[in-house]
Amino acid sequence: QVQLVESGGGLVQAGGSLRLSCAASGRTFSVYAMGWFRQAPGKEREFVASISSSGGNTYYADSVKGRFTISRENAKNTVHLQMNSLKPEDTAVYYCAARFSYYSNTYYVQGNEYNNWGHGTQVTVSS
């Protein structure tokens, strides 16, 4: 098992930026594919971004393409989500997730494909 702890959330005005981080412990981080998801009040959890265990492949939801960037530092057991040009509709609790990956270039976009989850960090974007 791997334990995940998110950080970096907060309050920002529309058009601003935030960088979220997810620190992992308990297992070898480099063998896990990682993802970011978010959930707003009254809405179901939705996919945001994913990255393969090697960091070579990334994928983004249409709603954040061109604004968000996912990256990882395997030596520090950390994955990041750089969020630029934030909009009020980005307001949500953001969760990081991990799953063991058999292939270093494989990524996942469905929540039920992940079996390790952090506790979440709140992002609020004011207009």
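Overview of the structure. For every chain, the first residue of the written sequence is number 1, and numbering continues from 1 along that sequence. Local features in this predicted model are restricted to residues whose pLDDT is 70 or higher, and side-chain atom pairs enter the listing and the counts only when it is 80 or higher, whereas totals over whole chains, interfaces and linings include all residues. With hydrogens and water excluded, all non-hydrogen atoms of the structure serve as input to the side-chain values.

**So, the side chain of serine 53**
Piece 1. Each helix is a run of H or I in the DSSP string that is no shorter than four residues. Each strand is a run of E no shorter than two, and both are numbered from the N terminus. Note that serine 53 resides in the loop between strand 5 (46-51) and strand 6 (58-60).
Piece 2. N or O atoms closer than or at 3.5 Å make up a polar contact, with two conditions inside protein: a donor-capable atom paired with an acceptor-capable one, and, for residues adjacent in sequence, both atoms drawn from side chains. Here the side chain of serine 53 touches serine 104 through a polar contact of 3.5 Å, landing on its backbone oxygen.
Piece 3. Ignoring anything within four residues of it in the chain, the contact list for serine 53 reads Ser30, Val31, Tyr32, Ala33, Arg72, Asn74, Ser101, Tyr103, Ser104 and Thr106. In what follows, residue pairs with any heavy atoms lying within 4.5 Å of each other are defined as contacts.

**Here's the deal with the packing of aromatic side chains**
Piece 1. A pair of Phe, Tyr and Trp rings is counted when the ring centres sit within 6.5 Å of each other, with Trp represented by its six-membered ring. The angle between the planes then sorts it: under 30 degrees is stacked, over 60 is edge-to-face, the rest tilted. Under the definition given, this model contains 9 aromatic pairs.
Piece 2. Geometrically, the ring pair formed by phenylalanine 37 and tryptophan 117 is tilted, given 5.1 Å between the ring centres and 55° between the ring planes. Taken together, the positions of phenylalanine 37 in strand 4 (residues 32-39) and tryptophan 117 in strand 10 (residues 116-117) put the pair 80 residues apart, joining distant regions of the chain.
Piece 3. Linked through ring pairs, Phe37, Phe47, Tyr59, Tyr107, Tyr108, Tyr114 and Trp117 together constitute an aromatic cluster.
Piece 4. Here, over-ring charges are defined by two tests on the NZ atom of lysine or the CZ atom of arginine: distance to the ring centre within 6 Å, and angle to the ring normal within 35 degrees. Over the ring of phenylalanine 37 we find arginine 45, and its NZ or CZ is 5.8 Å from the ring centre.
Piece 5. Above the plane of the ring of tyrosine 59 lies lysine 65, whose end atom (NZ or CZ) is 5.7 Å from the centre.

**Side note on the state of the cysteines**
Piece 1. Any pair of cysteine sulfurs within 2.5 Å is marked as a disulfide. Counted under the stated rule, the structure contains 1 disulfide.
Piece 2. With a sulfur-sulfur separation of 2.0 Å, cysteine 22 is cross-linked through a disulfide to cysteine 96. Here the disulfide of cysteine 22 and cysteine 96 is right-handed, its torsion about the S-S bond being about 50°. Taken as a pair, cysteine 22 in strand 3 (residues 18-25) and cysteine 96 in strand 9 (residues 92-100) lie far apart in primary sequence, 74 residues in all. Taken as a pair, cysteine 22 and cysteine 96 share a single burial class, namely buried. Three exposure classes are used, based on accessible area relative to the maximum for each residue type with a 1.4 Å probe and protein chains only: buried under 20%, partly exposed in between, and exposed over 50%.

**A word on the nonpolar core**
Inside soluble globular proteins, nonpolar side chains tend to come together where they are buried.
Piece 1. Among buried residues, those of type Ala, Val, Leu, Ile, Met, Phe, Trp, Tyr and Cys that are joined through side-chain atoms within 4.5 Å constitute a nonpolar core. Counting residues in each nonpolar core, the largest one holds 35 residues, and the members touching the most others are Met34, Trp36, Leu81, Met83 and Tyr94.
Piece 2. When residues of this core are traced back to their parent elements, those giving at least two are strand 3, strand 4, strand 5, strand 7 (68-73), strand 8 (78-83), strand 9 and strand 11 (121-126).
Piece 3. Other than its neighbours up to four places away in sequence, tyrosine 94 contacts Glu6, Leu20, Trp36, Phe37, Arg38, Val48, Phe68, Leu81, Met83, Gly120, Thr121 and Val123.

**Description of the sheet that holds strand 8**
Piece 1. Ordered in space as 1-3-8-7, the 4 strands form an open sheet in which the pairing is antiparallel. Looking at the sheet topology across the chains shown, the edges are occupied by strand 1 (3-7) and strand 7. Direction aside, neighbouring strands of the sheet carry axes that sit 15° apart on average.
Piece 2. Here, a strand pair is defined by DSSP locating no fewer than two bridges between the strands. Sheet analysis places strand 3 next to strand 8, joined by 6 bridges and oriented antiparallel. Note that in strand 8 the partner of arginine 19 across the bridge is glutamine 82. Interaxial angle, 0 to 180 degrees, is taken between N-to-C directions of lines fitted to C-alpha atoms, where a helix line uses only the stretch in contact.

What is shown is where atoms sit, not what they do.
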